[in-house]
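An overview of the molecular structure
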Amino acid sequence: MARGQRIIANLLRWGIVAVALALTFLVPTVHFTLERNFIAGILATVSEFDAQQIMEKVIARNPDLWRYEEARLVGLLRQKALGIPVRQAVYDPDGALVIAIGQYPTPPSLSTRIPLRDAGIVVGALETSTSLAPALRTSFIIASLVAVTGTLLIVLFELIPLRRLRKAESAVQYMAEHDPLTGLLNRYVAESRFDQEMKRADRYGFQLALILFDIDHFKHINDTFGHTKGDEVLRRLTKVAKEHIRSTDALVRWGGEEFLIIAPYTDPAMARNQAEKLRRLIERKDFGLGERVTISLGLCACEPGSSLQSNIERADAALYRAKCAGRNRTEEADTATGRQKAI
Ligand SMILES: Nc1nc2c(ncn2[C@@H]2O[C@H](COP(=O)(O)OP(=O)(O)OP(=O)(O)O)[C@@H](O)[C@H]2O)c(=O)[nH]1
């Protein structure tokens, strides 16, 4: 991904996080603030003048008003309320006139307070309230949806590159451990594989063998038929060897035309059989060259606790002897005596 695209993706990602967080925290905060205002609104429903003051300052000064007090108040309310039902018009225990109109809104709500005047004199206060619950419910649902969508997007943004990274990692690991031409394990992983098998062999008391083999006169094959044909021979031989080994064996491309089999649960007699069987299979296989392809093999039984290096040296010495002895044959390194046996 280009640097610019990465920056935009990051901005987008963190933008979504910020919006989701803002909405998640904003909605409850607004809710809380409005609820507080509602309570304040209820408390503020007390008139500017208590009943005594209304008597003294408004009604007592005008006897007509006194006479018509009820009717005038009702008229005032009608005029101000304009058809909105009167919810409450009472004197509270302290003698204050409380007049509330409108429906009983469920909190939170917005309240408006209007002074109630008669001939320019304030005689009380009207309080109207509007419930904000439906609006808040809607915005809360929208905010939750946005938050959930934002979270999902973040998860996707995080997961997709992560999955790609994991795939790239396993591809790199595969490349690090395998030979690209044959797909076999390469010699860099042979060591850890050998150590593992050696530990298991020591622990459970079974035998471990190595078979090192090499194509005979491979240079001649390359020189005569070309490098591409040589590659094909390597691939075909790999296929034969892979079908021949047991699932517990490890087949390694040790070098150019050199291969190694790490064979657990294998005593020298079994290793000999295995090596000879493979040699015969290759000898009989048609590689499409119009001539035989053969291999030489060197095998060794691994001493408990011995290293891959030391066993390879012994198997390689046996292989060298097989080459010297005419090729297309197997030689064995005898561990106990250091003697090497031809098969
Ligand atoms: N086509 C191909 N050739 C390879 C590859 N790796 C190594 N070689 C060739 O393998 C040949 C090995 O030649 P030598 O070491 O002389 O061995 P050889 O000809 O098999 O002779 P002996 O082992 O003594 O029987 C060389 O020509 C290398 O170029 C590969 O991946 N592909």
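The structure displayed is predicted, hence computed values, not measured ones.

This paragraph deals with the pairing of strand E9 (residues 295-301). Across the seven residues that make up E9, a large majority, seven, are buried. Burial along E9 is two-sided: the face carrying Ile295, Leu297, Leu299 and Ala301 and the face carrying Ser296, Gly298 and Cys300 are both buried. Bridge analysis of strand E6 (residues 208-215) against E9 gives seven bridges, and the strand direction is antiparallel. Across the sheet, residue phenylalanine 213 finds its bridge partner in E9, namely leucine 297. Here four bridges tie E9 to strand E10 (residues 330-333), and the two strands are oriented parallel to one another. In the sheet register, glycine 298 faces E10, and the bridge partner there is glutamate 331. One crossover worth recording links E9 to the parallel E10 by way of helix H10 (residues 308-324), and it is left-handed.

For the rest of this paragraph, the subject is the site of the ligand. With respect to spatial proximity, 17 residues lie near the ligand, and among them His217, Phe218, Lys219, Asp231 and Arg253 are the closest. Here an oxygen atom of the ligand sits 3.1 Å away from a polar atom, N or O, in the main chain of isoleucine 215. One of the side-chain nitrogen or oxygen atoms of asparagine 222 is found 2.8 Å away from a nitrogen atom of the ligand. Protein chains bury 67% of the 670 Å² of accessible surface belonging to the ligand in isolation. Top contributing element to the shell around the ligand by residue count: helix H8 (residues 227-244), with four residues.

A word on the packing of aromatic side chains. Applying the stated criterion across every chain yields a total of two aromatic pairs. Ring plane angle 40° and centroid distance 4.3 Å describe the contact between phenylalanine 206 and tyrosine 265, whose orientation is recorded as tilted. Taken together, the residues span a long stretch of sequence, with phenylalanine 206 in the loop between helix H6 (187-204) and E6 and tyrosine 265 in the loop between strand E8 (258-264) and helix H9 (268-284) at a distance of 59 residues. Exposure remark for tyrosine 265: the relative accessible area of 39% places this residue in the partly exposed category. Between the aromatic rings of phenylalanine 213 and phenylalanine 259, the centroid separation amounts to 5.3 Å while the plane-to-plane angle is 15°, which identifies the pairing as stacked.

Reading the values: the criteria
- Residues numbered from 1 in each chain as written.
- Predicted model: local features only at pLDDT ≥ 70, side-chain atom pairs only at ≥ 80, totals over all residues.
- Heavy atoms only, no water.
- Buried < 20%, exposed > 50% of the residue type's maximum accessible area, 1.4 Å probe, protein only.
- Helix = DSSP H or I, 4+ residues; strand = E, 2+ residues; numbered from the N terminus.
- Pairing = 2+ DSSP bridges.
- Right-handed = clockwise from strand over helix to strand, strands pointing away.
- Near = heavy atom within 4 Å.
- Polar contact = N/O pair within 3.5 Å; in protein donor to acceptor, adjacent residues only side chain to side chain.
- Areas by Shrake-Rupley, 256 points an atom, 1.4 Å probe, with all protein chains shown as cover.
- Phe/Tyr/Trp six-rings, centres within 6.5 Å; stacked < 30°, edge-to-face > 60°.

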